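Report on the structure
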Amino acid sequence: MGRRRRRGGGARVGALPEAIAALSQTLPAGPSPEIFRRAKFDRPEAAPALWQLLFRVLSPPAAAGTRASPALGAQVRLVKSALCSQGYPRRVLARLPEDGSQGSRELLLALAWLLARGPLLEHLLAQTRVWLGDEIPLWQYEALASPGPPAPCQEADGPVDIRHLQWLMGTLRFRWRDLITSQQELCALLGKIHSYTRGCHSDRGLGHLSVAETELLRDPEGGRQLLQRLESENTRLEAALQWRRRELVFWQWMDTVLGSCPLQTSPATFLPRDPASGPGELELVARELRGLHGELQGAVEPRRAAWEAKAGGWGPEWSAAQRATQEAVGRDLAALQRAWEQGGAPAQPHRPCRLVKRDARAVEGPGLRAAELTGALRIRESRLETALGQLQTRCRQELARLAGAEPGLIWILPPGR
Amino acid sequence: MLPLDCSRRLVAELRDALDACAERQRQLERSLRVSRRLLRTWEPAETLAAEPTPEPETDEEVPPPAGTPSPQDLRELELLTQALEKAVRVRKGVSKAGERHGALSLKSAATSRATTASAPPGASGQAGRRTSETKPPRGVHQTTVPARGLPECRLPSVGDRTRMGRGASTTKPRPSLRDQQIPPSAAPQAPEAFTLKEKGSLLKLPMAYRKVASQNSRLWAQLSSPQTSDSKDAASMAKTQFLQKMKTTSGWPGSGLAAAEVEVEAGLLRKACSLMRQRMEEVLSADPADRIQEYYSLLTLEGLQAITGQCLHRLQELRAAVAGQQLGPWPEGRCCRASLPCGGRTDPTWSPQLLFYSSPEELQSLAVLGLRVAMLDQQIHLQKVLMADLLPLVGAREPPGPPWLALCRAVHSLLCEGGERFLTVLRDEPAD
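Residues numbered from 1 in each chain as written. Chains lettered and ligands numbered in written order. Predicted model: local features only at pLDDT ≥ 70, side-chain atom pairs only at ≥ 80, totals over all residues. Heavy atoms only, no water.

Per an unreviewed UniProt entry, chain B is named Tubulin epsilon and delta complex 2, and its organism is Neovison vison.

If you look chain A up in an unreviewed UniProt entry, it shows as Tubulin epsilon and delta complex 1 from Neovison vison.

Given below as structure tokens:
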């Protein structure tokens, strides 16, 4: 076995089983350490467990919790497609059979690849984290837009009338209205609960209980379940910390696993791409950028011409001012570029926030203030409204252009504009 | 009718948006149910001697009891409640009389409720005296629920504010009995209803919970603290080497660009476009006061133009990589968007920040603003998608037949009025 051979390599005997045990305890629905050992030797009986583990790791969290897990074949397909989109380099995976009966060594390599690329364990732990506080949605649009795996597109397959789209848009509008009223009601209730439980929390910094904590007092059975969830999360957290201490020996072992694989020599087999994927994200962005480029060009050319016409005879102090202006522009544009390269708007908190009710005078210490966040959100709201308005204006102009070619028609715009 | 691929795309986008809203609404309703229940009168603990069979469960969110307890459990619980009842009687003998509200925390209430059901006569006698001293206008109203085995000394229901509509079946032993001590001054109280409004500030979290919760936050803090030890460096080096080896042994000369990374870059470029457009609007709308500002505006616009050119160039590279199938041999249409962050830009182990608010109105306006911002974000995205697909259709169809007019009208309403208003088209026939 691998452990014995490595005795001279500096790793302690028994360190590897501990590392693997820690890993399997941290992973959600982690397979037993025995599966890992069997996978090194590509045993077929280890394959289904690893497929299921990878499915659980790669599927979006909403799907993993609520729905019954699909059949093994569907899981296999999803794992393959998810790994592909992440850029998994080995093609052997694509050729593994869909009944999930083979390829345990390859799956072990895939798991190690995912572990090596980023903070996978921390991410998985955070997905199922037990939240004890109350929060309100301050989400970015991306989070709201991808709730789960795409619905299989066999439903509305035929071409639809545009009235169907109008109906969908109307439904969407009503749903948002419902959301807003429900959220308002929830905030009122939260305010009451927080004020009624003033002074109860053992943590003086918080001062009052949250809904989850009050609920655990009201319903001891639910409280016991909450306690169990917390305890199992603690176990997983401890296992994760243990893993961190021991992971080096795991990576040494993975090297040997990789070494024991046969080399890939067969040529690539490219399957045809799905032609119905349409313009896609890139095309949309390209159109926007081209539009912007065109507008900038239209703005720059007359200004440059006017400037050149006026240039000359401004004296020596002008060249110093010119250089200063050039530097200022360079700095501003660099800052602008940094704003999107770093990703994430600074005004929006990415972290979840625990709501704490406090008198306005008494707030000190770290934390966000609702008033400040409200201000930042108002600015963002007005920017978005302006952006939407501009888009709509552009559409109006474009439609007017297309329709204006037709004589003999009168277009009466709706009132209220 | 719209063309097939266009229909599919647009319907899929709108359905995605609707599903996201529905999911959020479900979560909200769950929270609302829980919160409403907390603000009502809390159900007293039921004991098995009184009610062996659970009431029909009206709240589908409450997890169903894990099977009805076995007779063995019932007997044990009865013994336990009798023992507790005896303890309470002993302590009652040494406690001060007339101590009513001081010990009205949940602990004593739970204890007393557990004892009353199995010893109705003794407790009710006491409780009857106590409740007669209770001031009715305190608002402790309850409906008399029949067949619950609770003593008839309860106040008749007068108020409409609290309804005991929830038949929470509580035929299981209450762990709160274990966790909380019986306060020395507890007399067997009347099983007065517990409402959060009156007695919320007397609640106390159980010790077991506090220990586990503090351990939990400690462990999270440990996990998210940056590690600087040698083992961490060795591990990250080992990881990099492993990734490198994986790449070289795969025998695949790909460009190394994954579909997920392309998506992320596309998102960045989109953001770049909107930020640059914003700056452009600012510059164009400002009137230059002097030469220097004029020069500044000019240079800014030219700089933006250059950056846009660079972005377009990068976009071409991405499209070439996608089109050249260098990404990988098996994308299946819309890949499931992997839930893993590419490059770990967001730290998943942050402990929650505190968000202080001072009044419910403040909280409401903040929450509503948050939702409005998300809604506007979504609207802008949908607007762009619809524009991309529908405007070409209007240009391509044959005017001026009725189908084209109907399409124009519908597209105008969708794209320019947010689907809320419609325009009217009149045919202007020349008078013959």
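Right, let's talk about the overall build of chain B for a bit. Across its full length, chain B holds twelve helices and four strands. Each of the 432 residues in chain B was classed as buried or not, and the buried ones make up 46%. Counted over contacts in chain B with a minimum sequence separation of 6, partners at least 24 positions apart contribute 79%. As presented, chain B carries roughly 20,600 Å² of accessible surface, and 55% of it is formed by carbon and sulfur atoms. (Helix = DSSP H or I, 4+ residues; strand = E, 2+ residues; numbered from the N terminus. Buried < 20%, exposed > 50% of the residue type's maximum accessible area, 1.4 Å probe, protein only. Contact = heavy atoms within 4.5 Å. Areas by Shrake-Rupley, 256 points an atom, 1.4 Å probe, with all protein chains shown as cover.)

Bringing the overall build of chain A into the picture now. Tallying secondary structure elements over chain A gives 15 helices and three strands in all. Burial analysis of chain A (417 residues in total) assigns 46% to the buried set. Put simply, 70% of the contacts in chain A that link residues at least 6 apart link residues at least 24 apart.

Turning to the packing of helix α2 (residues 15-26) of chain A against helix α12 (residues 220-259) of chain A, a few remarks are in order. Residues and elements named next belong to chain A. Running from N to C, α2 and α12 point in directions that differ by 135°, and their axes come no closer than 7 Å. The orientation of α2 with respect to α12, classified from their angle, is oblique. Crossing handedness for the pair α2 and α12: left-handed. For the pair formed by α2 and α12, the contact residues are A15, L16, E18, A19, I20, A22, L23, Q25 and T26 on the first element and T235, R236, A239, A240, Q242, W243, R246, V249, F250 and W253 on the second. Per-class residue counts for the contact of α2 with α12 are twelve nonpolar, four polar and three charged. (Axes fitted to C-alpha atoms, helices over the stretch in contact; angles between N-to-C directions. Parallel < 35°, antiparallel > 145°, perpendicular 65-115°, else oblique. Left-handed = near helix turned anticlockwise from the far one by under 90°. Nonpolar A, V, L, I, M, F, W, Y, C, P; charged D, E, K, R; others polar.)

What follows concerns the packing of α2 of chain A against helix α3 (residues 33-40) of chain A. Residue and element names in this part refer to chain A. Between α2 and α3, whose axes approach to 9 Å, the crossing angle comes to 115°. Where α2 crosses over α3, the two elements pack in a sense that is right-handed. Together, P17, I20, A21, L23 and S24 of α2 and P33, F36 and R37 of α3 make up the contact between the two elements.

In this section: the interface of chain A and chain B. On the chain B side, the residues contacting the 217 residues of chain A number 202 residues. Where chain A abuts chain B, roughly 21,500 Å² becomes buried across the two surfaces, and 70% of that area is made up of carbon and sulfur atoms. At the boundary of chain A with chain B, the tally comes to twelve salt bridges. In this structure, E247 of chain A engages K239 of chain B in a salt bridge whose closest nitrogen and oxygen atoms are separated by 3.8 Å. In this assembly, chain A and chain B are joined by 36 residue pairs in polar contact (both at pLDDT 80 or more). Top contributing element to the side of chain A that touches chain B by residue count: helix α10 (residues 162-196) of chain A, with 28 residues. When the residues that make up the side of chain A that touches chain B are grouped by side-chain class, the tally is 119 nonpolar, 42 polar and 56 charged. Of the pairings in the sheet, the one linking strand β3 (residues 409-412) of chain A to strand β4 (residues 424-427) of chain B comprises four bridges and is antiparallel in character. The residue of β4 of chain B that forms the bridge with W411 of chain A is V425 of chain B. (Buried area = accessible area lost by both parts, 1.4 Å probe. Salt bridge = Lys/Arg side-chain N within 4 Å of Asp/Glu carboxyl O. Polar contact = N/O pair within 3.5 Å; in protein donor to acceptor, adjacent residues only side chain to side chain. Pairing = 2+ DSSP bridges.)

Opposite charge on two side chains allows them to pair when their charged atoms are near. For the coordinates displayed, the defined rule picks out 36 salt bridges over all chains. A salt bridge links E215 of chain A to R218 of chain A; its shortest N-O distance comes to 3.3 Å. Pair noted here: E215 of chain A and R218 of chain A are both in helix α11 (residues 211-218), with a separation of three residues, about one helical turn. Ionic pairing is found between E317 of chain B and R314 of chain B, a salt bridge with its closest N-O pair at 2.6 Å. Residue E317 of chain B and its partner R314 of chain B are located together in helix α10 (residues 291-323), separated by three residues, close to a single helical turn. The class for E317 of chain B is partly exposed, based on a relative accessible area of 38%.

Another point: unusual backbone geometry. It is generally the case that most residues other than glycine have a negative phi and that most peptide bonds are trans. The phi angle at D42 of chain A is positive, at roughly 60°, despite the residue not being glycine. Tracing the backbone shows D42 of chain A in the loop between α3 and α4 (47-58).

By size, the foremost hydrophobic cluster in this structure holds 93 residues, and its most contacted members are I162 of chain A together with Y209 and L390 of chain B. Counting residues per element, this core draws most heavily on helix α11 (residues 360-396) of chain B, at 20 residues. What L390 of chain B contacts, discounting residues up to four positions off in sequence, is I162 of chain A together with L2, L10, V411 and L414 of chain B. In terms of nonpolar packing, the next biggest core, distinct from the first, is built from 52 residues, I35, L54, L83 and L93 of chain A among them. (Core = buried A, V, L, I, M, F, W, Y, C linked by side-chain atoms within 4.5 Å.)

We now examine the sheet that holds strand β2 (residues 368-369) of chain A. Taken in spatial order, the three strands line up as β1(A)-β3(B)-β2(A) in an open sheet, and their pairing is parallel. A single partner strand is all that each edge strand has here, and the edge strands are β1 (353-357) and β2 of chain A. Here β1 of chain A runs beside strand β3 (residues 353-357) of chain B; their pairing, made up of five bridges, is parallel. Looking across to β3 of chain B, one finds that R354 of chain A is bridged to L354 of chain B. Packing of α10 of chain A onto the sheet brings it into contact with β1 of chain A together with β3 of chain B, and relative to β1 of chain A it is tilted by some 60°.

Geometry of an aromatic ring pair is reported as the spacing of the ring centres plus the angle between the planes. Applying the stated criterion to the full structure yields six aromatic pairs over all chains. A centroid spacing of 5.1 Å and a plane angle of 70° characterise the contact between W243 of chain A and F250 of chain A, whose relative ring orientation is edge-to-face. This pair shows no difference in class: W243 of chain A is buried, exactly as F250 of chain A is. Between the aromatic rings of W307 of chain A and Y295 of chain B, the centroid separation amounts to 5.0 Å while the plane-to-plane angle is 25°, which identifies the pairing as stacked. On the criterion of chain membership, the pair formed by W307 of chain A in helix α13 (residues 280-310) and Y295 of chain B in helix α10 is interchain, its members lying in two chains. We note that W307 of chain A, like Y295 of chain B, is buried. Ring pairing ties together the aromatic residues W243, F250, W251 and W253 of chain A together with F242 of chain B, which thus form one cluster. (Phe/Tyr/Trp six-rings, centres within 6.5 Å; stacked < 30°, edge-to-face > 60°.)

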